[in-house]
Amino acid sequence: MPTETSESTQPTIDPKDLPSAQRPRHIAIIMDGNGRWAEAQGLPRIFGHRNGIRSVRAVVEEGCRIGLGQLTLYCFSSENWKRPQRELRFLFRLLRHFLIVERSELMEQNVRLTMIGRREGLPEDVLVEYDRTAAMTAGNSGMTLCLAVNYGARAEIAEAARRLARDAVAGVIDPGSVDEAAFSSYLSTAGMPDPDLLIRTAGEMRLSNYLLWQVSYAELHVTEVLWPDFRAEHLRRAVLDYARRPRKFGGLPGRSPTEGAV
Ligand code: IPE
Ligand code: IPE
Ligand code: MG
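Residues numbered from 1 in each chain as written. Chains lettered and ligands numbered in written order. Predicted model: local features only at pLDDT ≥ 70, side-chain atom pairs only at ≥ 80, totals over all residues. Heavy atoms only, no water.

## Here's the deal with the packing of helix H4 (residues 85-101) against helix H6 (residues 124-137)
- It is the contact of H4 with H6, at a shortest axis distance of 9 Å, that shows an interaxial angle of 20°. If you check the angle between H4 and H6, you find them roughly parallel. Remark: the crossing between H4 and H6 carries left-handed chirality. Contacts from Phe-92, Leu-95, Arg-96, Leu-99 and Ile-100 of H4 reach H6 at Asp-125, Val-126, Glu-129, Tyr-130 and Thr-133.
- Its residues placed into classes, the contact of H4 with H6 shows six nonpolar, one polar and three charged. (Axes fitted to C-alpha atoms, helices over the stretch in contact; angles between N-to-C directions. Helix = DSSP H or I, 4+ residues; strand = E, 2+ residues; numbered from the N terminus. Parallel < 35°, antiparallel > 145°, perpendicular 65-115°, else oblique. Left-handed = near helix turned anticlockwise from the far one by under 90°. Contact = heavy atoms within 4.5 Å. Nonpolar A, V, L, I, M, F, W, Y, C, P; charged D, E, K, R; others polar.)

So this is what it looks like as structure tokens:
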């Protein structure tokens, strides 16, 4: 498991110079610790969320610089509805603001914006701004920035099973032909590569219902750094930590492509 020790050494290699086989194509991040960051300074939790936007900008920029194919950020889980109304309102205002303000920056960086999670339940004004930004950036050919909003992996898997069952009953799909690839095509991440590296900030050693199917062979990197303090250098450290790991996919040492997992 990754670690504070790996964080104490300064990275010497620039991740963009790593051979492509040692570079993650897709990084997923559980952006955690906003509340703790604010509370540590005697501020209301929402200040942590607001400052977390700087970290989002930093990882998007760094992801583009190192040639990442996809960055998937956990913004709001289907369990986060349990938070106080005031915090929820703030989070959605912030998301809407991000979608408007960052539009031109995403265009400039050639980033394509996508989203996973249930649209039902999300404020209409957030969906409108998301749809605008997604449409505007749809033709961009650089990094894909995927926001997981109102996302929960179990709900996603149950929804996939429901749609698959309907298609089987309708005769669109033969139940005997349902393999891992067929099932994946019913998930909201259909067509996306699985994450190679999963980063969680703020030290918790749990997945919190994030991409349970997709991270089955991802490398894990947990850092004590709280999300609002996370910057490009922390992403670089995580990538260099990843580059050192022999990925085996159940086989023997030696790097296999991700597809080798199946
Ligand atoms: C992550 O930070 C942001 C969201 C879940 C929306 P938290 O708000 O969970 O911060 P902590 O974990 O309470 O410090
Ligand atoms: C996970 O963080 C969800 C997001 C980062 C959006 P939480 O703070 O909600 O997770 P738990 O409650 O500590 O598991
Ligand atoms: Mg948290």
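Further notes follow.
## What about the nonpolar core?
- Core analysis: the biggest nonpolar cluster contains 46 residues, and Ile-27, Ile-29, Leu-71, Leu-73, Leu-145 and Leu-147 have the highest contact counts within it.
- By residue number, the principal contributor to this core is H4, which donates eight residues.
- If we ignore the near neighbours within four places in the chain, the residues touching Leu-73 are Ile-29, Met-31, Val-56, Val-59, Leu-145, Cys-146, Leu-147, Ala-148 and Tyr-210.
- If you look at the next biggest cluster of nonpolar residues, it comprises 13 residues, including Ala-148, Ala-153, Leu-211 and Ala-218. (Core = buried A, V, L, I, M, F, W, Y, C linked by side-chain atoms within 4.5 Å. Buried < 20%, exposed > 50% of the residue type's maximum accessible area, 1.4 Å probe, protein only.)

## A word on the sheet that holds strand E2 (residues 70-77)
- In space, the six strands of this open sheet follow the order E3-E4-E2-E1-E5-E6, with parallel pairing throughout. Of all the strands in the sheet, the pair left with one neighbour each is strand E3 (112-116) and strand E6 (219-222). Direction aside, neighbouring strands of the sheet carry axes that sit 20° apart on average.
- Helix H3 (residues 45-65) rests against strand E1 (26-30), E2 and strand E4 (144-151) of the sheet, and its axis sits at about 160° to E2. (Pairing = 2+ DSSP bridges.)

## Details of the site of ligand 2
- Taken together, Ile-30, Met-31, Asp-32, Tyr-74, Cys-75, Phe-76, Ser-77, Asn-80, Arg-83, Arg-200, Arg-206 and Ser-208 make up the full set of residues adjacent to ligand 2.
- Between ligand 2 and the protein, one listed contact pairs an oxygen atom with a side-chain N or O atom of Asp-32 at 3.2 Å.
- One of the side-chain N or O atoms of Ser-208 is found 2.6 Å from an oxygen atom in ligand 2.
- In the complex, the protein chains occlude 78% of the 390 Å² of accessible area that ligand 2 would expose alone.
- Per element, the largest residue contribution to the shell around ligand 2 is four residues, and it comes from E2.
- The class makeup of the residues in the shell around ligand 2 is five nonpolar, three polar and four charged. (Near = heavy atom within 4 Å. Polar contact = N/O pair within 3.5 Å; in protein donor to acceptor, adjacent residues only side chain to side chain. Areas by Shrake-Rupley, 256 points an atom, 1.4 Å probe, with all protein chains shown as cover.)

## So, the site of ligand 1
- Around ligand 1, the neighbouring residues are Met-31, Asp-32, Gly-33, Asn-34, Gly-35, Arg-36, Arg-45, His-49, Cys-75, Asn-80 and Arg-83.
- Within the backbone of Asn-34, a nitrogen or oxygen atom sits 3.1 Å from an oxygen atom of ligand 1.
- Note that an oxygen atom of ligand 1 is positioned 2.7 Å from one of the side-chain N or O atoms of Arg-45.
- Counting residues per element, the shell around ligand 1 draws most heavily on helix H2 (residues 34-39), at three residues.
- By residue class, the composition of the shell around ligand 1 is two nonpolar, five polar and four charged.

## Things to note about the environment of Gly-63
- Mapping Gly-63 onto the fold places it in helix H3.
- Judged by its relative accessible area of 0%, Gly-63 falls in the buried class.
- It is 16 Å that separates the C-alpha atoms of Gly-63 and Met-192, two residues lying 129 residues apart in sequence.
- In contact with Gly-63, other than residues within four places in its own chain, are Leu-68, Met-143 and Leu-235.

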